[in-house]
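The residues making up each chain are set out below.
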Amino acid sequence: MTTTSAETVLRPARTKAAASSASVRRKQGFQHGGWFVAPFLALFVLFVIWPLLRGVWLSLTDANISGDGANFIGLDNYREALDDQLMWDALGRSAFFTLLVVPSLTVLAFLLAMLAHHIERGKWLWRLCFFLPFLLPSTVAGNLWQWLFNPGNGMINHVFGIETPWLTDKSYALLAVVVCTVWWTVGFSFLLYLAALQGIPAHLYEAAKLDGANAWHRMVHITLPMLRNITGLVIALQILASLQVFDQAVVMTDFTTGPEDSTRALVQYTLEQGFTSYRVGYASAISIIFFVLIAAVALARMWLLRNREEGGR
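These remarks concern the structure in this document. (Residues numbered from 1 in each chain as written. Predicted model: local features only at pLDDT ≥ 70, side-chain atom pairs only at ≥ 80, totals over all residues. Heavy atoms only, no water.)

This part is about the overall build of the protein chain. A tally of helices and strands in the protein chain yields 13 helices and zero strands. What you see in the protein chain, going N to C, is helices and strands ordered as α-α-α-α-α-α-α-α-α-α-α-α-α. Relative to all contacts within the protein chain whose residues are 6 or more apart in sequence, the contacts with residues 24 or more apart total 68%. Accessible area for the protein chain stands at about 19300 Å²; split by element, carbon and sulfur atoms hold 67% of it. (Helix = DSSP H or I, 4+ residues; strand = E, 2+ residues; numbered from the N terminus. Contact = heavy atoms within 4.5 Å. Areas by Shrake-Rupley, 256 points an atom, 1.4 Å probe, with all protein chains shown as cover.)

So this is what it looks like as structure tokens:
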């Protein structure tokens, strides 16, 4: 048998042995890696999957806060929720709040990031000042702005010489919560934009300057396109967070729903049904409906991003 013939005979055996060895290594890697993933999976199942499944089950019952005597009633809670005008009003407020917060916060975060990125003196101080409010607890931020908007001795009315009842008039209460939220949460989006700005190659701006592009043209044709993905991320995260508004609205209105329910969002209405009216099953149904809406927003964002990436290829 020639050397070539021997190699031809042995090659399939070597290939099979190599594949078997690779399969063994993969199994060993999975077994070893599984021990590192197991704690996270256990916590994920315990605090995410199990509560979700439990909530779905409760939404199909007439469970009360005591947990006793829960009877299976099928989709009755969902039918009631879809016909509940108060729930739709609360959802509408959450959506309107989101519509006010997200554009304002996105634009302000971008402008602050541009300022902190290009300023020369005291750069670290500016960055700290812009990000610091985000570190405050929601109760601290809410109490601070409750004092600022106080119609009697608040700083806002005193500085501008007005007597606007910010937190006691339904025309202004939600707007006051919007201002508080933007000030409180802009630091996170500011940080994302600042990191993205620092990742833009400097030679792009240098080449644009050589071609005679002014600052406006450089921002429109270089900065904004390079920040497209981070802007989509900021908008998606802020939509998901704003739809769940609760803490600051409740704190600023002294743990009420605001004047004429003007600040009652869907999360607060859900808690009222579960812990005030003691209808845990009905509150669970509202929570599941809200979860589906938020999941739809997240999936829509992923679908748009994928289509945009495929279109750019």
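Further notes follow.
Ranked by internal contacts, the top residues of the largest apolar core, which has 41 residues, are F97, W145, F149, F190, Y193, L227 and M252. Among the elements of the structure, α3 (85–118), α4 (123–131), α5 (138–148), α7 (173–198), α9 (215–226), α10 (228–243) and α11 (247–252) are those that each provide at least two residues to this core. A total of twelve residues in this core trace back to one element, the largest contributor, which is α7. In contact with F149, other than residues within four places in its own chain, are I156, W166, L167, A176, V179 and M252. Counting 16 residues, the second-largest nonpolar core is a separate cluster that includes L60, A81, A285 and I294. (Core = buried A, V, L, I, M, F, W, Y, C linked by side-chain atoms within 4.5 Å. Buried < 20%, exposed > 50% of the residue type's maximum accessible area, 1.4 Å probe, protein only.)

Attention shifts here to the environment of R301. Locating R301 in the fold gives a position in helix α13 (residues 280–312). For R301, a relative accessible area of 25% puts it in the partly exposed group. Separated by 65 residues in the primary sequence, R301 and A236 have C-alpha atoms spaced 6.8 Å apart.

Bringing the environment of T270 into the picture now. Along the chain, T270 falls in helix α12 (residues 266–275). What makes T270 buried here is its relative accessible area of 12%. Residues T270 and Y282 lie twelve residues apart in sequence; the distance between their C-alpha atoms is 8.5 Å. Setting aside its immediate chain neighbours within four residues, T270 contacts A283, I286 and S287.

Right, let's talk about the packing of aromatic side chains for a bit. Each aromatic ring pair is described using two quantities: the centre-to-centre distance and the angle formed by the ring planes. Inspection of the entire model under this criterion finds eleven aromatic pairs. Their ring planes at 70° and their centres at 5.6 Å tell us that W166 and Y172 sit as a pair that is edge-to-face. On the accessibility criterion, W166 (14% relative accessible area) is buried. A relative accessible area of 31% means that Y172 is categorised as partly exposed. By the ring-pair criterion, three or more aromatic residues cluster together here, those being W145, F149, W166, Y172 and W183. Here the basic side chain of R279 rests over the ring of Y282, its NZ or CZ set 4.4 Å away from the ring centre. (Phe/Tyr/Trp six-rings, centres within 6.5 Å; stacked < 30°, edge-to-face > 60°. Lys NZ or Arg CZ within 6 Å of the ring centre and 35° of its normal.)

The next subject is the packing of helix α8 (residues 202–210) against α9. Between α8 and α9, the least distance of the axes is 10 Å, while the angle of their chain directions is 160°. With respect to α9, the axis of α8 lies roughly antiparallel. Both α8 and α9 take part in a crossing whose hand is right-handed. Between α8 and α9, the residues in contact are L204, Y205, A208 and K209 and R218, I222, T223 and M226, respectively. A breakdown of the residues in the contact of α8 with α9 according to their chemical character gives five nonpolar, one polar and two charged. (Axes fitted to C-alpha atoms, helices over the stretch in contact; angles between N-to-C directions. Parallel < 35°, antiparallel > 145°, perpendicular 65-115°, else oblique. Left-handed = near helix turned anticlockwise from the far one by under 90°. Nonpolar A, V, L, I, M, F, W, Y, C, P; charged D, E, K, R; others polar.)

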